[in-house]
Amino acid sequence: MADAEIVVITSGKGGVGKTTTSAAFATGLAMRGLKTVVIDFDVGLRNLDLIMGCERRVVYDFVNVINEEANIHQAMIKDKRADNLYILPASQTRDKDALSKEGVERVINQLKEEFDYIVCDSPAGIETGAQMALYFADKAIIVTNPEVSSVRDSDRILGILSSKSKRAEENLEPVKEMLLLTRYEPYRVERGDMLSVQDVEEILSIPLLGVIPESKAVLRASNAGSPVILDEQSDAGQAYHDAVSRFLGEDKPHRFLEIEKKGILQRLFKSKEREGAY
């Protein structure tokens with residue numbers, strides 16, 4: 001079996017949907033029959049296990065494995081919904097400096113022997129956990145909201161990937177970067193309250209993997225401990241499925257970019273819903 005591909009889900013700013021994306025993306029790969037492990041690099045916070053609904057099953061964590069207090073199979077949690085999916089949770093009680101480059105590399109090398117994909121859920125920003133997650137990446141999904149500060153912070157992450165990754169240090173082919181735009185609302189773009197897809201593409205100059213619409217399904221899924229991609233009736237769930245398909249080389253048109261043309265009654269109910277949301 002060929003070496004696993006290491007995919008980092010990253011952003012410069014917190015609260016843009018990285019962990020939601022990591023959970024959905026890893027689940028989507030596993031649903032395609034690809035053996036996938038998703039690692040939470042956010043030492044000290046640990047949210048991935050909540051979104052994956054396995055927080056009560058955590059016994060050992062990523063830092064325990066690095067420190068050789070447990071082996072990889074003791075720490076990994078097998079997902080109950082997707083046969084090919086495993087979660088390696090972060091520690092809630094350690095400091096971010098508990099991650100060492102040598103330790104992370106040792107764990108990743110072990111995982112490479114067993115998995116098709118290793119998905120790294122990076123913390124926001126450029127501190128230790130984020131740099132560790134970015135360092136070993138083969139591919140990077142840059143998650144950003146359509147607002148100036150989020151896009152600017154993502155630009156800093158692109159700089160780190162091109163200069164401080166293992167691939168950059170060893171003069172290998174660069175990390176393949178892709179853009180995932182989350183919390184997109186076409187009517188707010190039209191009003192001028194939000195950057196358009198084209199605006200963000202122009203600023204970051206990386207290929208667009210997907211656009212995830214603003215959706216109440218994301219919060220519902222998080223609260224239920226179920227990756228939103230499993231909610232196949234929701235627009236966000238469908239958008240994540242599309243993004244996974246594109247990642248795997250399929251040609252899928254982008255959806256949810258235009259304001260839906262609705263009948264008068266639907267428009268009336270939608271405007272009432274928005275009044276309640278803002």
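Structural data are supplied above this passage.
Topic: the overall build of the chain
- What the chain contains, in helices and strands, is 13 helices and eight strands.
- A compact globule built from 278 residues would reach a C-alpha radius of gyration of about 19 Å, and the chain, at 19 Å, matches this within 12%.
- Principal-axis analysis of the C-alpha atoms gives the chain an extent of 60 × 40 × 35 Å.
- Classification of the 278 residues of the chain by burial places 52% in the buried group.
- If you take every contact in the chain between residues at least 6 apart in sequence, the share linking residues at least 24 apart comes to 74%.
- For the chain, the exposed area adds up to about 13200 Å²; of that, 47% sits on carbon and sulfur atoms.
- Here the chain carries 36 positive and 45 negative side-chain charges, and the mean point of each set is 5 Å from the other.

Quick notes on the side chain of T182
- Structurally, the position occupied by T182 is in strand β7 (residues 176–184).
- A residue is classified by how much of its surface remains accessible, and T182, at 3% relative accessible area, is buried.
- A polar contact is formed between the side chain of T182 and the backbone oxygen of V16, at a distance of 2.7 Å.

Let's talk about the sheet that holds strand β4 (residues 85–88)
- Spatially, the eight strands line up as an open sheet ordered β3-β4-β2-β5-β1-β6-β7-β8, and their pairing is mixed. Looking at the sheet topology across the chains shown, the edges are occupied by β3 (77–78) and β8 (208–213).
- In the packing of helix α1 (residues 18–31) onto the sheet, the strands contacted are β1 (5–10), β2 (36–40), β4, β5 (117–121), β6 (139–144), β7 and β8, and the crossing angle to β5 comes to about 170°.
- Of the strands in this sheet, β1, β2, β4 and β5 are in contact with helix α5 (residues 101–112), which crosses β5 at around 145°.

Description of the pairing of β5
- Counted residue by residue, β5 has five buried out of five residues, so it is predominantly covered.
- Residues Y117, V119 and D121 point to one face of β5 and I118 and C120 to the other, with burial holding for every one of them.
- Pairing between β1 and β5: five bridges, direction parallel. Bridge pairing in β5 places I9 opposite D121.
- Alignment of β2 against β5, held across five bridges, turns out to be parallel.

Rules of the game
Residues numbered from 1 in each chain as written. Predicted model: local features only at pLDDT ≥ 70, side-chain atom pairs only at ≥ 80, totals over all residues. Heavy atoms only, no water. Helix = DSSP H or I, 4+ residues; strand = E, 2+ residues; numbered from the N terminus. Rg over C-alpha atoms; globule rule 2.2 N^0.38 Å. Buried < 20%, exposed > 50% of the residue type's maximum accessible area, 1.4 Å probe, protein only. Contact = heavy atoms within 4.5 Å. Areas by Shrake-Rupley, 256 points an atom, 1.4 Å probe, with all protein chains shown as cover. Lys, Arg positive; Asp, Glu negative; His and termini not counted. Charge placed at Lys NZ, Arg CZ, Asp CG, Glu CD. Polar contact = N/O pair within 3.5 Å; in protein donor to acceptor, adjacent residues only side chain to side chain. Pairing = 2+ DSSP bridges. Axes fitted to C-alpha atoms, helices over the stretch in contact; angles between N-to-C directions.

It is worth stressing that arrangement in space is one thing and function is another; only the former is reported here.
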